[in-house]
Every structure is written in C-alpha cells, then in structure tokens.
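# Observations on chain architecture
Next come the chains, spelled out residue by residue.
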Amino acid sequence: MLENINEKCAVVGIFGHKEASRLAYFSLHSLQHRGQEAAGISSSNGKKLQTIKKRGLVMRVFDEDKLNTLSGSSAIGHTRYSTAGDDSILDAQPVFARYDLGEMAIVHNGNLTNAEEVRNKLIANGAIFQTFMDTENLIHLIAKSEQKKLVDRIIDAVQRIEGAFSLVFLSRTKMFAMRDRHGFRPLSLGKLPNGGYIVASETCAFDLVGAIFIRDVKPGELLVFREGKEPKSIKVFEPTPKHCIFEYVYFARPDSSVFGQSVYQTRKNMGKELAHIAPIEADLVIPVPDGGVPSAIGYSQESGIPYEMGIMRNHYIGRTFIEPTQEMRDLKVKMKLSPMVDIIKGKKVIVIDDSIVRGTTSRRIIRMLKEAGAKEVHMRVSSPPTTDPCFYGVDTPDKENLIAANMSNEEICKYIEADSLAYLDEAALLKSVNANNEDKYCTACFTGNYII
Ligand code: AMP
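Source: prediction; values computed, not measured. (Residues numbered from 1 in each chain as written. Predicted model: local features only at pLDDT ≥ 70, side-chain atom pairs only at ≥ 80, totals over all residues. Heavy atoms only, no water.)

## Some points on the domain arrangement of the protein chain
When the parts of a complex come together, some accessible area is lost, and that lost area is often taken as the interface size. Put simply, the rule is: Where each domain starts and ends comes from a domain assignment, either automatic or drawn from a database.
Looking at the protein chain, the domain boundaries give domain 1 (6-241) and domain 2 (266-434). Once you take the C-alpha centre of each, domain 1 and domain 2 turn out to be 34 Å apart.

Structure follows, in structure tokens:
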C-alpha cells in the first residue's frame, strides 16, 4: 500500500525575476502553515537546475549561502506536510530528474487517486522508483511520453493521472502551472512588482512579495511561462469545479483569498451561521486558537455574547516527542494551549473550534477549561461532523478513527465531556461560502459524496 504523502502541501513558482529563489523562499514562509515537515526550492539559470531540500521549517532549511547557490530568474518551491508515515528526505520536494529533453523539477499539492495503479504499470514496464511520492509517477510519465515537446509531454502525462493536483513544473527555460479539472486544491496567479509572475497555493504569498493577484489558475488549465511573453493558457480538461471546502474550514490562512473569496470572511460567516443554528446563553465566546478565531468572532458578533481570549496558544511548540504516559500527553497539550484562568473561572463559556476530527483535542481542551474553573463548557464547531476520509489531499484519518463516523452527537458530547455540543450543518456551511448547493464544492469529508 502506498503512503499518501502529498497531502496538505504548498507550492509556489516564480518566473522572470532576478531574485527568483529569494521570492520563492519568502513565499514559502507565508505558506508554512500548509506543511512543516520539509521544504525545498529548485531554481534555473537557463542552463541548469539546482535543488535544495531538507526536513524542517523553511527558516531552518535555507540560509543566505544556500539561497545564493539557487541562482537564476525562475524557481519553484514546496513545503511538505506528512502524516506519521515515511519522513525520509527522499520524499521532500521539488522532485528533480534528468531525462532525454534535459532537466526538470516538479512540485505537487494534492493526492492522486490512481497513483498505485499508474505506478504498478510503470514498474511492470521497468521503471525504478526512489520515493513513495505520487509525484514521481509524473516524472516517469513525462520521460516516457512519445511527444517531442515538454508541454505536450506534460499534457500527455496529466491525462493519465486522476485525483487532486495543483502542480508547478520547472525546466531550464520555462515554467508550467497546472490544476486538475475539479480544482480541488487552490492555485493562484499573480504579477510581481518588478516584472515576472508568481503562482502560489494561496494569495497570502502574493501579499508578502508585493505581487498583484491576477486570477486563479482555472480548473483543467495549463499555464506556460516563457521569457518575455505573457503566460499562455491551454485548456487541457473541461473544468468541472469541486473546490475543497475544507480549505475554508481549516486549511487556508485567513488573510488568503481562495476560490475567489476571503477565507477570513467565510470563516466569520460560519461563526455567524453557527450562532443562528446553535444558540445558547453564556458569559463568553472563546476560540480554540488559531483555527477557531474568525468563527468565534462571527459567533460573538451575531449573538452579542462577549468574545474573550480564554485560551493562549504557544506558537513555538512544534513537534514534541514526549508521548509515552497519559500524564505526559496532557502536559503536551498544555504546552501548546493554556487556559486564561482569570477570564474563564466561574464562567459559562462557549468554545469554538473549526472541526472535530478524532475528538481528542476537544476532550483535552474541555478538561483543561474545567480544571481552570469554567462552570459550563458548550462546544460549538464551525463545520459539519467529519464523517469521511479525504482522498484528495487533506490529511484525515481512516473512517474508524473519525469520531463522528462512529458516535452520535450525544455520544461525542459525552466523550469530550462538554455540557452541550453542536455543529454547523451542510446547508449553513454552503451558505457561509455563498453557494446555494454543493455543485461547486467538494464536501466529501462531511457527506461521503466522492466525485472520483
Ligand atoms: P482532533 O479532533 O483531536 O483529531 O483534532 C481536531 C483539531 O485538529 C481541530 O482543532 C482542528 O483545527 C485540527 N485539524 C483539523 N483538520 C486537521 C488536519 N487535516 N491536520 C491537522 N489538524 C487538523
């Protein structure tokens, strides 16, 4: 069984700028929330590609010397998130290869649904794989394609894969950006202040480097970047949008605009809807930071119940390895989140989080708030119950570990030790993202309706 390790990642591409790798580096900083496991950049100086990738945060992977070696006016970058699976450096991106047309590097956000089938066929035909990444399939498909030009080989290759892919390819002289026909994962196009273009998973990367948002790369579209020319658009697939609604719920940064809408505003709408659907009298509304903040603001504004920062988050805790005993596990949560005792003591509080997945986080938080003296804790979740796993690039556990797939609301409420529990429903979620029905969005993690 292959591991799904192209999950929850970020991609960026810079074309036609003399500081390309630096701009890619800064962009990756603002996309760090999409993956903290590894980071990498490939650049091209027109003759040769250079790649640096390593485990760790963007800040730790690169320094001045490394960026200086990544010369040239085009660069692509990646931050990788991985589940507990293989965390070898081989699985960091960009994936680089030499082939008969020269050199190329690829970065990928998403998850291919036919990866195993494609890989097995390639292996049966003699291909040798170095990693567990879906993305390596693409290298082989491009290298083996009978087409003469790289652009045609890319078109050939993407027609053989299925699933979610926002991809950026770099060759010695060109850059290509491609989104699957459903546009599951975001990918936007922008113009750099001193000439050149940027593509990135989220527009928060544009703001940091002073780029102006042009538009989203369309579902099914391939953009070709060539020196001194406007990007050329090729419609590879008829678009049938199914944008990942979980980008709005949890994944994207609030200052980004994804699928044409502000993430912050949509998240706030979710909180407002939640206040209508699941009102309750309380003294305070408090968010689970950081994910629950915009929806808690929305809930508070709509209900008139004061918003307070009842839980502090320590931003400097990365992965902690102290797990073995229950006592140590509890300590681990407290290292990351601590209660503001003076604020919550003796109060009836509404706690807002963006989602409940396994239920362990909510349970620990509620216990912590009660120990800190909260009189009542009412849990409100600004998305519907997560009942089904994602095959298109969000890291959700198997169905047996999704609490809402296995317990009723009452049972979950009891398990997390809350005084009451309520979720947003699907209709209200769609209303929050200004959609009348689920046509344009993939809501499979809440409904089990998979398009592929
Ligand atoms: P749990 O219910 O303990 O599994 O975790 C729920 C918490 O994880 C919520 O606070 C969410 O903000 C956060 N969360 C939701 N989806 C993901 C994801 N794909 N990766 C990491 N954290 C997530």
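## A word on the sheet that holds strand β20 (residues 348-353)
Hydrogen bonds between backbone atoms are what pair the strands of a sheet, whose relative direction is either parallel or antiparallel. Stated formally: DSSP calls a pair of strands paired once it identifies at least 2 bridges connecting them. In this text, helices come from DSSP runs of H or I with a minimum length of four residues, and strands from runs of E with a minimum of two, each type numbered from the N-terminal end. To get an axis, fit a line to the C-alpha atoms, keeping to the stretch in contact for a helix; angles then go from 0 to 180 degrees between the N-to-C directions. Contact between two residues is taken to exist if any of their heavy atoms lie within 4.5 Å; hydrogens are not considered.
Spatial strand order, β17-β20-β21-β22: four strands in an open sheet with parallel pairing. One side of each edge strand has no neighbouring strand; the edge strands of this open sheet are β17 (284-287) and β22 (420-423). Direction aside, neighbouring strands of the sheet carry axes that sit 25° apart on average. The strands that helix α9 (residues 263-277) touches are β20, β21 (376-381) and β22; relative to β22, the one it contacts most, it runs at about 125°. Its contacts with the sheet put helix α10 (residues 293-303) on β17, β20 and β21, and the angle it makes with β17 is roughly 165°.

## Description of the pattern of salt bridges
Note the following rule: Salt bridge, as used here, is a side-chain nitrogen of Lys or Arg placed within 4 Å of a carboxyl oxygen of Asp or Glu. Remark: exposure states derive from per-residue accessible area (1.4 Å probe, protein chains only) relative to the maximum for the residue type, with buried under 20%, exposed over 50%, and partly exposed in between.
Tallied over the entire structure, the rule returns 18 salt bridges. The partner of E202 in a salt bridge is R34, and the shortest N-O contact between them spans 2.6 Å. Of this pair, E202 sits in the loop between β10 (197-200) and α7 (204-209) while R34 sits in the loop between α1 (20-30) and β2 (38-44); the two residues are 168 residues apart in sequence, bridging distant segments of the chain. Across the pair, exposure class does not vary: E202 and R34 are buried alike. One salt bridge in this structure joins R367 and E417, with 2.7 Å as the shortest N-O distance. Placement of the pair is R367 in helix α13 (residues 360-371) and E417 in the loop between α15 (409-415) and β22, with a sequence separation of 50 residues. Judged by its relative accessible area of 33%, R367 is partly exposed.

## Section: the site of the ligand
Threshold: We define proximity as follows: a residue is near a molecule or strand when any one of its heavy atoms falls within 4 Å of that partner. In the analysis that follows, any N or O atom pair within 3.5 Å is treated as a polar contact, provided that within protein one partner can donate a hydrogen and the other can accept it, and provided that, for residues neighboring in sequence, both atoms belong to side chains. Only Asp, Glu, Lys and Arg are considered charged, only Ala, Val, Leu, Ile, Met, Phe, Trp, Tyr, Cys and Pro nonpolar, and every remaining residue, Gly among them, polar.
Taken together, 15 residues lie near the ligand, and D353, D354, R358, G359 and T361 sit nearest. In the environment of the ligand, an oxygen atom lies 2.8 Å from a nitrogen or oxygen atom belonging to the side chain of D354. A distance of 2.9 Å is found between a nitrogen atom of the ligand and a backbone nitrogen or oxygen belonging to D395. Elements represented by at least two residues in the shell around the ligand include exactly α8 (246-251) and α13. The residue makeup of the shell around the ligand, split by class, is six nonpolar, four polar and five charged.

## Some points on the side chain of E202
With a relative accessible area of 0%, E202 lands in the buried category. Apart from residues no more than four positions distant in its own chain, E202 is found in contact with L31, H33, R34, E247, F251, A252, R253, S256 and V258.

## Points about the side chain of S44
As for its position among the elements, S44 is in strand β2. Engagement of the side chain of S44 in a polar contact is seen with the backbone nitrogen of G46, the distance being 3.1 Å. Engagement of the side chain of S44 in a polar contact is seen with the backbone oxygen of R172, the distance being 2.6 Å. When neighbours within four sequence positions are excluded, S44 is seen to be in contact with L49, S71, G72, S73, S74, L170, S171 and R172.

## Regarding the sheet that holds strand β13 (residues 232-235)
Taking strand neighbours across the sheet as the criterion, the six strands line up as β5-β6-β7-β8-β12-β13 in an open arrangement whose pairing is antiparallel. A strand with exactly one partner marks an edge of an open sheet, and here the two such strands are β5 (95-99) and β13. Averaged over all adjacent pairs, the angle separating strand axes in this sheet is 20°, with direction ignored. By the bridge criterion, four bridges tie strand β8 (residues 175-179) to strand β12 (residues 221-225) in an arrangement that is antiparallel.

## Focus: empty space enclosed by the protein
So the rule is basically this: Grid spacing is 1 Å over the protein atoms alone, the probe is 1.4 Å, and a cavity is where that probe fits but cannot get out, while a pocket is an open set with protein on both sides within 12 Å along at least five of seven lines and lining residues have an atom within 4 Å of a point. Grid points are joined across faces, edges and corners, and a volume is the space filled by probe spheres set on the points.
One pass over the structure, following the stated rule, counts one cavity of 30 Å³ or more. In this structure, the largest cavity spans a volume of roughly 100 Å³. Around the largest cavity, the lining is made up of 15 residues, and of these C244, C390, V394, C442 and C445 lie nearest the centre.

## Focus: the environment of G40
Note on placement: G40 falls in strand β2. Given a relative accessible area of 0%, G40 falls into the buried group. Between the alpha carbons of G40 and V107 there is a distance of 9.2 Å; along the sequence they are 67 residues apart. Excluding residues within four positions of it along the chain, G40 makes contact with L28, I52, K53, F62, I76, G77, H78, Q93 and P94.

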